[in-house]
Amino acid sequence: AFHPNGPVTRGEMAEMLARRYPPVRVVVDLAGAAGRGYAPEFRMRLSVAKTRALGWTPKVGLMEAFERMIAYWRLEP
């Protein structure tokens, strides 16, 4: 499991959403990605240190951000 305020992989995010929205499940198909330019493992080292230094702090966590995004998508015609 990942720390809610720390780094998270795409796979961890997918698994988190699959747990929240059953019967969705996560399937990893790396063979299908061969030759398409996708790296089997990808990590970005993003930092919000500069925005925090300016006084910004997050108001919602990752799961709530996903919840809001999904709710918005459901409202789209």
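So, a few notes on the structure that sits alongside this text.

1. Concerning the environment of A14
Phase 1: By secondary structure assignment, the location of A14 is in helix α1 (residues 10–20).
Phase 2: Judged by its relative accessible area of 31%, A14 is partly exposed.
Phase 3: For the pair A14 and V27, spaced 13 residues apart in the sequence, the C-alpha separation amounts to 9.4 Å.

2. Side note on a nonpolar patch on the surface
Phase 1: Taken together, the side chains of M69, Y72 and W73 define a hydrophobic patch exposed on the protein surface, amounting to about 350 Å² of accessible area.
Phase 2: With respect to the helices and strands, M69 occurs in helix α3 (residues 62–75).

3. With respect to the pattern of salt bridges
Phase 1: On inspection of all chains with the given rule, the structure shows two salt bridges.
Phase 2: With its nearest N and O atoms 2.6 Å apart, the salt bridge here joins E67 to R20. Residue E67 is located in helix α3, and its partner R20 is located in helix α1; the two are separated by 47 residues in the primary sequence.
Phase 3: On the basis of relative accessibility, which here comes to 23%, the residue E67 falls in the partly exposed class.
Phase 4: Judged by relative accessible area, which is 43%, R20 ranks as partly exposed.

4. Observations regarding the environment of V26
Phase 1: Looking at the secondary structure, you find V26 in the loop between α1 and α2 (49–53).
Phase 2: Relative accessible area serves as the criterion here: at 34%, V26 is assigned to the partly exposed category.
Phase 3: Taking the C-alpha atoms as reference points, V26 and E12, separated by 14 residues in sequence, lie 9.8 Å from one another.
Phase 4: Beyond its immediate sequence surroundings of up to four residues, V26 is in contact with A14, E15 and A18.

Quick notes on the rules
- Residues numbered from 1 in each chain as written.
- Predicted model: local features only at pLDDT ≥ 70, side-chain atom pairs only at ≥ 80, totals over all residues.
- Heavy atoms only, no water.
- Helix = DSSP H or I, 4+ residues; strand = E, 2+ residues; numbered from the N terminus.
- Buried < 20%, exposed > 50% of the residue type's maximum accessible area, 1.4 Å probe, protein only.
- Patch = residues over 30% accessible without salt bridge, like charges linked within 9 Å, V, L, I, M, F, W, Y side chains within 5 Å.
- Areas by Shrake-Rupley, 256 points an atom, 1.4 Å probe, with all protein chains shown as cover.
- Salt bridge = Lys/Arg side-chain N within 4 Å of Asp/Glu carboxyl O.
- Contact = heavy atoms within 4.5 Å.

The values are spatial; any link to function lies outside them.
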